[in-house]
Amino acid sequence: MINCYEILGVRQNATAAEIKRAYRKKAKLLHPDTAQSENSEQFRLLVRAYEILSDQRQRSIFDESFTTRSAYTRNSVDSFDYYKWLSARTDEESRAKLIFFDLMHEREDEAVSEFKRMSMEHADFSLKRWFTREDFMDYGYILAEELALRNEYYDALILLEQIIRMEYSYNYFRLFFPEVMEFTLSLLRRNVVGTLHDELALDVFERALDLGFSAKDDAFFLTQMALIYRRMGDDYTADICLEEAGRATDKKEKNYIGSEI
C-alpha cells in the first residue's frame, strides 16, 4: 500500500487546503509535459495519492487501513498473524472478514475470488451479516467497484443494492450516497444489456425499480425489460412493461410541468 501522505509530503492531519496545495506544487515538477519521462510513474502515484486524500470517504478508509497495516508490519514475526488465522478458518464469519482484509491489503484479486466462491457455495452468504453497517457500506462499495472492474456486473449490482437498501434503513451513508446511486445507475444503463444473460438482466432491472431512481430511469428499466421479454417470446409481459414505462414517463412529464408552474 502506498503512503499517500508521504508521497504528497504532508502531515497525516493535513487539511484539505494543505493537501491541494502540496499536490499542485509537486504536480508542476512531475507532470509529463514539463518533466523528464522517468518521472511518469512518480506522477501517477502522486495523482493516485491526491485522489485518495482529497475524497473524504477514501481518505477515511485509507487512514484506517494504513494504521492497521503499519501496526501489523511493526509486530515481530512471532506475534499473532491475523491473516493466517483467518485463512485457516472455514466458518462464514472468518471468510467474510478475510475478504475485506484482503481487499484493504492489496489483495483485490483474492478478495474477489473468495467472495465469488463463497457466494456460489453458500446461497445465503451475506457480508453485511458480519460487519457494522458503516464498515459494510464503505468496504462493500469498494468490493463492488472491484467486481465491476472484472466485469462481474451482476454480483456488483446485487452488492450495491444491499448498500442502497441499508442506507434507506439507517440513513448513515448520506454523505456518499449520491456516489453510490450514480455508480449503480451507470452499471444499470451501460453494463447490463448485452452483457448479462436475459434472466439475470431481468432480475437486476426488476430490483432497480425498487431502489428510488427517477421516473425517467424507471422508464428505461421497464423498456429494457420489455425488449427482453419480447425476445423471449413473452409478448404479454412485454406489453405490461411498456405500459408501466409509459406511466413512468407521464409521471416525469407531470412533475416537470408542476415544477414550471
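All values derive from a computational prediction rather than experimental measurement.

Let's talk about the overall build of the protein
So, step 1. Of the regular secondary structure elements, the protein holds 13 helices and zero strands.
So, step 2. Within the span of the protein, comprising 261 residues, buried residues form 42% of the whole.
So, step 3. Look at the contacts in the protein between residues 6 or more apart in sequence, and 59% of them connect residues 24 or more apart.
So, step 4. Of the accessible surface of the protein, which amounts to about 15,200 Å², a share of 50% is contributed by carbon and sulfur atoms.

Description of the packing of aromatic side chains
So, step 1. Scanning all chains against the criterion turns up 14 aromatic pairs.
So, step 2. Ring plane angle 70° and centroid distance 5.6 Å describe the contact between Tyr 82 and Phe 101, whose orientation is recorded as edge-to-face. Taken together, the residues span a long stretch of sequence, with Tyr 82 in helix 5 (residues 82-88) and Phe 101 in helix 6 (residues 92-103) at a distance of 19 residues.
So, step 3. Looking at Phe 101, the relative accessible area reads 10%, which means it is buried.
So, step 4. Grouping aromatic residues by their ring pairs yields a cluster made of Tyr 82, Tyr 83, Trp 85 and Phe 101.
So, step 5. Across from the ring centre of Tyr 83, 4.1 Å away, lies the NZ or CZ of Arg 107, which sits over that ring.

Considering helix 2 (residues 16-30)
So, step 1. For helix 2, which comprises 15 residues, the first-to-last C-alpha distance of 21 Å matches the rise-based estimate of 21 Å (1.5 Å per residue) to within 8%.
So, step 2. Within the span of helix 2, buried status applies to Ile 19, Ala 22, Tyr 23, Ala 27 and Leu 30. Within helix 2, the buried residues cover an arc of 130° as seen down the axis, which keeps them to one side. Turned more than 90 degrees away from the buried face of helix 2 sit Arg 21, Arg 24, Lys 25, Lys 28 and Leu 29, all of them exposed.

Structural notes on the pattern of salt bridges
Pairs may arise between side chains of opposite charge once their charged atoms sit close together.
So, step 1. A full pass over the atoms with the stated rule returns 21 salt bridges.
So, step 2. Between Asp 91 and Arg 89 there is a salt bridge; the shortest N-O distance is 3.2 Å.
So, step 3. The class of Asp 91 is partly exposed, set by a relative accessible area of 28%.
So, step 4. Where Asp 235 meets Arg 230, a salt bridge forms, and the shortest distance between an N and an O atom there is 3.5 Å.
So, step 5. Here Asp 235 falls in the partly exposed class, since its relative accessible area comes to 41%.
So, step 6. Residue classification places Arg 230 among the partly exposed residues on the basis of a relative accessible area of 36%.
So, step 7. In the salt-bridge network here, residues are joined through shared partners; they are Arg 95, Glu 114, Arg 117 and Glu 121.

Some thoughts on the side chain of Asp 155
So, step 1. Along the chain, Asp 155 falls in helix 9 (residues 153-170).
So, step 2. On the basis of relative accessible area, Asp 155 is assigned to the buried category, the value being 16%.

Let's talk about the packing of helix 8 (residues 133-149) against helix 10 (residues 177-190)
So, step 1. Running from N to C, helix 8 and helix 10 point in directions that differ by 20°, and their axes come no closer than 12 Å. Judged on the interaxial angle alone, helix 10 and helix 8 are roughly parallel. The way helix 8 lies across helix 10 gives a crossing that is left-handed. Of the residues in helix 10, those touching helix 8 at Tyr 141, Ala 144, Glu 145 and Ala 148 are Glu 179, Val 180, Phe 183 and Leu 187.
So, step 2. Among the residues forming the contact of helix 8 with helix 10, the class breakdown is six nonpolar, no polar and two charged.

Examining helix 9
So, step 1. In this model helix 9 runs 26 Å from its N-terminal to its C-terminal C-alpha over 18 residues, within 8% of the 26 Å that 1.5 Å per residue would give.
So, step 2. Listing the buried residues of helix 9 in full gives Tyr 153, Asp 155, Ala 156, Leu 157, Ile 158, Leu 159, Leu 160, Glu 161, Ile 163, Ile 164, Met 166 and Glu 167.
So, step 3. Each element contacted by the buried residues of helix 9 is listed here: helix 7 (108-121), helix 8, helix 10 and helix 11 (198-208).

Here's the deal with the packing of helix 11 against helix 12 (residues 215-231)
So, step 1. At a closest axis distance of 10 Å, the pairing of helix 11 and helix 12 adopts a crossing angle of 155°. Classified by the angle between their axes, helix 11 and helix 12 sit roughly antiparallel to one another. As for how helix 11 packs across helix 12, the hand of that crossing is left-handed. Here helix 11 contributes Asp 198, Ala 201, Leu 202, Phe 205, Glu 206 and Ala 208 to the contact with helix 12, which in turn contributes Asp 218, Phe 220, Phe 221, Gln 224, Met 225, Ile 228, Tyr 229 and Arg 231.
So, step 2. Each residue belonging to the contact of helix 11 with helix 12 can be placed in one class, and the counts come to nine nonpolar, one polar and four charged.

So, the nonpolar core
So, step 1. Counting 56 residues, the largest nonpolar core has Leu 127, Leu 143, Leu 188 and Phe 205 as the members making the most contacts within it.
So, step 2. Of all the secondary structure elements, the ones that give two or more residues to this core are helix 6, helix 7, helix 8, helix 9, helix 10, helix 11, helix 12 and helix 13 (235-260).
So, step 3. It is helix 8 that provides the largest number of residues to this core, a total of nine residues.
So, step 4. If you look at the next biggest cluster of nonpolar residues, it comprises 18 residues, including Ala 14, Leu 46, Ala 49 and Phe 66.

Thresholds applied
- Residues numbered from 1 in each chain as written.
- Predicted model: local features only at pLDDT ≥ 70, side-chain atom pairs only at ≥ 80, totals over all residues.
- Heavy atoms only, no water.
- Helix = DSSP H or I, 4+ residues; strand = E, 2+ residues; numbered from the N terminus.
- Buried < 20%, exposed > 50% of the residue type's maximum accessible area, 1.4 Å probe, protein only.
- Contact = heavy atoms within 4.5 Å.
- Areas by Shrake-Rupley, 256 points an atom, 1.4 Å probe, with all protein chains shown as cover.
- Phe/Tyr/Trp six-rings, centres within 6.5 Å; stacked < 30°, edge-to-face > 60°.
- Lys NZ or Arg CZ within 6 Å of the ring centre and 35° of its normal.
- Expected span 1.5 Å × (residues − 1).
- Arc of directions from axis to C-beta.
- Salt bridge = Lys/Arg side-chain N within 4 Å of Asp/Glu carboxyl O.
- Axes fitted to C-alpha atoms, helices over the stretch in contact; angles between N-to-C directions.
- Parallel < 35°, antiparallel > 145°, perpendicular 65-115°, else oblique.
- Left-handed = near helix turned anticlockwise from the far one by under 90°.
- Nonpolar A, V, L, I, M, F, W, Y, C, P; charged D, E, K, R; others polar.
- Core = buried A, V, L, I, M, F, W, Y, C linked by side-chain atoms within 4.5 Å.

The values are spatial; any link to function lies outside them.
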